[in-house]
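Observations on the model geometry
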Amino acid sequence: MKITDNTLPVNYFQNLQNIIMSNNLAWEYQAKVGNLDDEENNHFYFVHRLYENFSPVCSFFQQLVPYIEDVLEAKAVIRSRILLYTNQETLVEHNPHRDMEFSHKAALLYINTNNGFTRMSDNSKVNSVANRNVIFDGSSLHNSTNCTDVKSRFVLAVNYF
């Protein structure tokens, strides 16, 4: 696992942050988090898809190219999404999941600072701090949370080789 703070230049990050946290993105409701969840609990989130099935599915993906090429040094993107977890007044720690069953890199770029976190397979926590990036093996168990100190938690997720 590799954690980097102040990952992107301030102007570039603020531009991404302004777009992601604006009212201009369409969000899809997801009734469960990860593949081990069920729809009976209060685990849910919203997703804005950027890249899947070997192709961009949103024009905003082009603005991520400097991050993907220069920071992640990705050779091939598998999937990229923006995740939105809402404040539910109680901190909800979602069930552990694997992004995919095969070994690959996963990157999480935290878009805003809040009291949410990502729990890794070794039980460590990576706190949501704006412009913090964490890279880990996406086939290892990990889990997300919502937040309780701001309205929403935003995370940019990229799975890649």
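We now turn to the structure provided with this report. Counting restarts for each chain, with residues numbered from 1 along the sequence as it is written. Given that this is a predicted model, residues contribute local features only at a pLDDT of at least 70 and side-chain atom pairs are listed and counted only at 80 or more, while totals for whole chains, interfaces and linings are drawn from all residues. Excluding hydrogens and water, the side-chain values take into account all heavy atoms of the structure.

1. So, the overall build of the chain
For clarity, the threshold we go by: Secondary structure elements follow DSSP: runs of H or I no shorter than four residues count as helices, runs of E no shorter than two count as strands, and numbering proceeds from the N terminus. Based on C-alpha atoms, the radius of gyration is set beside the globule rule, defined as 2.2 Å times the residue count to the power 0.38. Residue burial is assigned from relative accessible area. The probe radius is 1.4 Å, only protein chains are included, and a residue is buried under 20% of its type maximum, exposed over 50%, and partly exposed in between. Any two residues whose heavy atoms approach within 4.5 Å at even a single point are treated as in contact.
In terms of helices and strands, the chain carries 2 helices and 10 strands. Shown N-terminal to C-terminal, the secondary structure of the chain runs as helices and strands in the order β-α-β-β-β-α-β-β-β-β-β-β. By the compact-globule yardstick of 15 Å for 161 residues, the chain fits well, its C-alpha radius of gyration being 15 Å. Here the C-alpha coordinates of the chain stretch approximately 40 × 35 × 30 Å along the principal axes. For the chain, the proportion of its 161 residues judged to be buried stands at 49%. Expressed as a percentage of contacts within the chain between residues at least 6 apart in sequence, the contacts between residues at least 24 apart total 74%.

2. Describing helix H1 (residues 10-20)
In an α-helix, one full turn covers 3.6 residues, which means residues spaced three or four apart are oriented alike. Rules: Taking the helix axis as origin, the arc is that swept by the directions to the C-beta atoms.
Along H1, the positions that sit buried rather than exposed are Tyr 12, Phe 13, Leu 16, Gln 17 and Ile 20. Projected down its long axis, H1 shows its buried positions confined to an angular sector of 130°, all on one face. Exposed positions of H1 whose direction lies more than 90 degrees from the buried face are Val 10, Asn 11 and Asn 18. As for H1, its buried residues are in contact with helix H2 (65-71), strand E5 (77-86), strand E6 (105-110) and strand E10 (152-160).

3. Brief notes about the environment of Asn 23
In this structure, Asn 23 sits in the loop between H1 and strand E2 (28-30). Exposure remark for Asn 23: the relative accessible area of 80% places this residue in the exposed category. In this structure the C-alpha to C-alpha distance between Asn 23 and Leu 108, which are 85 residues apart in sequence, comes to 22 Å.

4. Some thoughts on the packing of aromatic side chains
Defined as follows: Here the aromatic set is Phe, Tyr and Trp, taking the six-membered ring for Trp, and pairing holds for ring centres within 6.5 Å; pairs whose planes are under 30 degrees apart are stacked, those over 60 apart are edge-to-face, and all others are tilted. Consider the ring centre and the ring normal. A charge sits over the ring if Lys NZ or Arg CZ is within 6 Å of that centre and within 35 degrees of that normal.
Under the defined criterion, the tally for this structure stands at 7 aromatic pairs. With 6.3 Å between their ring centres and 90° between their planes, Phe 44 and Phe 46 make a pair best called edge-to-face. Looking at Phe 46, the relative accessible area reads 23%, which means it is partly exposed. Of the aromatic side chains, those joined through ring pairs into one cluster are Tyr 29, Phe 44 and Phe 46. We note Lys 125 situated over the ring of Phe 117; from NZ or CZ to the ring centre the distance is 4.4 Å.

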